[in-house]
Amino acid sequence: MNVTELRPGNYFIDENTLYQVLDILLNKTAMRKMVAKLKVKNVRTGAITEMARNSGYDVTECRVDKRPMQYLYDGGATLAFMDPKTYDQIEIGKNQLEAEIPFLVPNLEVTVVSFEDEILGVLLPSKVAMEVTECEPAVRGDTINSAMKDAVLETGMKIRVPLFVNQGDKVSVDVATGKYDGRA
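Report on the accompanying structure. The numbers attached to residues start from 1 for each chain and follow its sequence in the written order. This being a predicted model, a pLDDT of at least 70 is required before a residue's local features are given, and a value of 80 or more before pairs of side-chain atoms are given or counted; all residues contribute to the totals for chains, interfaces and linings. The side-chain values count all of the structure's non-hydrogen atoms but skip hydrogen atoms and water molecules.

Quick word on the overall build of the protein chain
(1) Moving on: Assigned secondary structure in the protein chain consists of 0 helices and 15 strands.
(2) Moving on: Here the C-alpha coordinates of the protein chain stretch approximately 70 × 45 × 25 Å along the principal axes.
(3) Moving on: Burial status across the protein chain gives 38% buried among its 184 residues.
(4) Moving on: Contacts in the protein chain between residues far apart in sequence, at least 24 positions, make up 40% of those at least 6 positions apart.
(5) Moving on: When the accessible surface of the protein chain is summed, it comes to about 11200 Å², and 47% of that surface belongs to carbon and sulfur atoms. Each helix is a run of H or I in the DSSP string that is no shorter than four residues. Each strand is a run of E no shorter than two, and both are numbered from the N terminus. Only protein chains enter the accessibility calculation, which uses a 1.4 Å probe; a residue is then buried when its area is under 20% of its type maximum, exposed when over 50%, and partly exposed in between. Residue contacts are counted whenever heavy atoms from the two residues lie within 4.5 Å of one another. What sets the accessible areas is the Shrake-Rupley method with a 1.4 Å probe; for residues, cover comes only from the shown protein chains.

Here's the deal with the nonpolar core
General note: in soluble globular proteins, nonpolar side chains tend to be found buried as a group.
(1) Moving on: Ranked by internal contacts, the top residues of the largest apolar core, which has 27 residues, are Phe81, Met130, Leu153, Ile159, Val171 and Val173.
(2) Moving on: Only strand E6 (65-74), strand E7 (78-82), strand E9 (109-115), strand E11 (127-135), strand E12 (148-153), strand E13 (158-162) and strand E14 (170-174) provide two or more residues apiece to this core.
(3) Moving on: Counting residues per element, this core draws most heavily on E11, which supplies 4 residues.
(4) Moving on: Throughout, nonpolar core names a set of buried Ala, Val, Leu, Ile, Met, Phe, Trp, Tyr and Cys residues whose side chains join them through atoms within 4.5 Å. Judged by nonpolar contacts, the second largest core, of 11 residues, contains Val21, Ala36, Leu38 and Val40.

Quick look at the pattern of salt bridges
(1) Moving on: Salt-bridge detection follows one rule: a side-chain nitrogen of Lys or Arg within 4 Å of a carboxyl oxygen of Asp or Glu. The tally for this structure, following the rule as stated, stands at 7 salt bridges.
(2) Moving on: Note that Glu118 and Arg44 form a salt bridge whose closest N and O atoms lie 3.0 Å from each other. Taken together, the positions of Glu118 in strand E10 (residues 118-123) and Arg44 in the loop between strand E3 (35-42) and strand E4 (48-54) put the pair 74 residues apart, joining distant regions of the chain.
(3) Moving on: With its nearest N and O atoms 3.7 Å apart, the salt bridge here joins Arg67 to Asp83. Remark: Asp83 occurs in the loop between E7 and strand E8 (89-93) and Arg67 occurs in strand E6; sequence separation between them is 16 residues.
(4) Moving on: Judged by relative accessible area, which is 11%, Asp83 ranks as buried.

Description of the sheet that holds strand E2 (residues 17-27)
(1) Moving on: Spatial ordering of the open sheet is given by E4-E3-E2-E1-E5, a layout of 5 strands whose pairing is antiparallel. At either margin of the open sheet sits one strand with a lone partner, and together these are E4 and strand E5 (60-62). Pairs of neighbouring strands in the sheet enclose a mean axial angle of 45°, with direction left out of account.
(2) Moving on: Two strands qualify as a pair provided that DSSP identifies no fewer than 2 bridges between them. Bridge count for strand E1 (residues 11-14) against E5 is 3 bridges, and the pairing is antiparallel. Within the sheet, the bridge partner assigned to Ile13 lies in E5 and is Thr60. Inter-axis angles, ranging from 0 to 180 degrees, are taken between N-to-C directions of lines fitted to C-alpha atoms, where helices are fitted over the stretch in contact.

Notes on unusual backbone geometry
(1) Moving on: Even without being glycine, Glu116 reaches a positive phi, approximately 50°.
(2) Moving on: Its location among the elements puts Glu116 in the loop between E9 and E10.
(3) Moving on: In the Ramachandran plot, Asp117 falls in the positive-phi region, its phi being about 65° despite a non-glycine side chain.
(4) Moving on: Looking at the element boundaries, Asp117 is found in the loop between E9 and E10.

Overview of the pairing of E12
(1) Moving on: Summarising the sheet, E11 and E12 pair through 3 bridges and their orientation is antiparallel. Across the sheet, the residue bridging to Val132 is Leu153, located in E12.
(2) Moving on: The loop that links E12 with its antiparallel partner E13 comprises 4 residues; one of these, Gly156, has a positive phi angle of about 95°.

Remarks on the pairing of E3
(1) Moving on: In this sheet, E3 lies alongside E2 in antiparallel orientation, the contact comprising 8 bridges. Note on E3: the bridge partner recorded for Val21 is Val40.
(2) Moving on: Bridge analysis of E3 against E4 gives 7 bridges, and the strand direction is antiparallel. Within E4, the residue paired with Lys39 across the bridge is Glu50.
(3) Moving on: Joining the antiparallel neighbours E3 and E4 is a turn of 5 residues, in which Gly46 adopts a positive phi near 85°.

Function cannot be read off these values alone, since they describe shape.
Structure representation (C-alpha cells):
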C-alpha cells in the first residue's frame, strides 16, 4: 500500500514495526514529489513519533482484530477480561495497560485489540461511570472560585467534582481528559 493512501486509524508495518496512524498531512510542492507527514503511534511501545515519507514509499497495511470484552477483576500482575458471548477469558499484563487501569471498573465493556494473536491493548469507552468512595463535605459559602472539591473514586483515581456530589454517588468521567463529566 502506498503511504499516501493511509488514513487516521489505519495500522501498518514499516521496518518490522507495527504503527497506528494518528494524523497524516500530504504536502505537494511544484517541483517535488508529494511528501506524507505522518504522526504515528508505535503500537507495542506506545511511543508517538512523526515521520515523513515520499509518495512512492510502500508500507504493509495490516488488519487488527477488535473483540468486545468485559473487564472482570485485577489478578495481581494481570487483569482478567471475558468475552460476553463465548465466556472465554484472557489475562493481560498490567504493564501493557498502565494508562487504562484507573478507568477499569468491574463489568466495564471494553474492546481488546490484537494482531496475529498478540494482544496490543484495550480501547475504553469515551466515558466511564464510577462511584465516589471518599469526598470532603461541601462548605456553605465556599463558592468564590469554581465550586469544586476533591473526590476519590472506586478505582483510587482522584478527581475534582462539583460541591453537590457526595460519597456514594455515581459520576461520569471523561476518559480522554480524566475529568468529571456529569452524574451517571
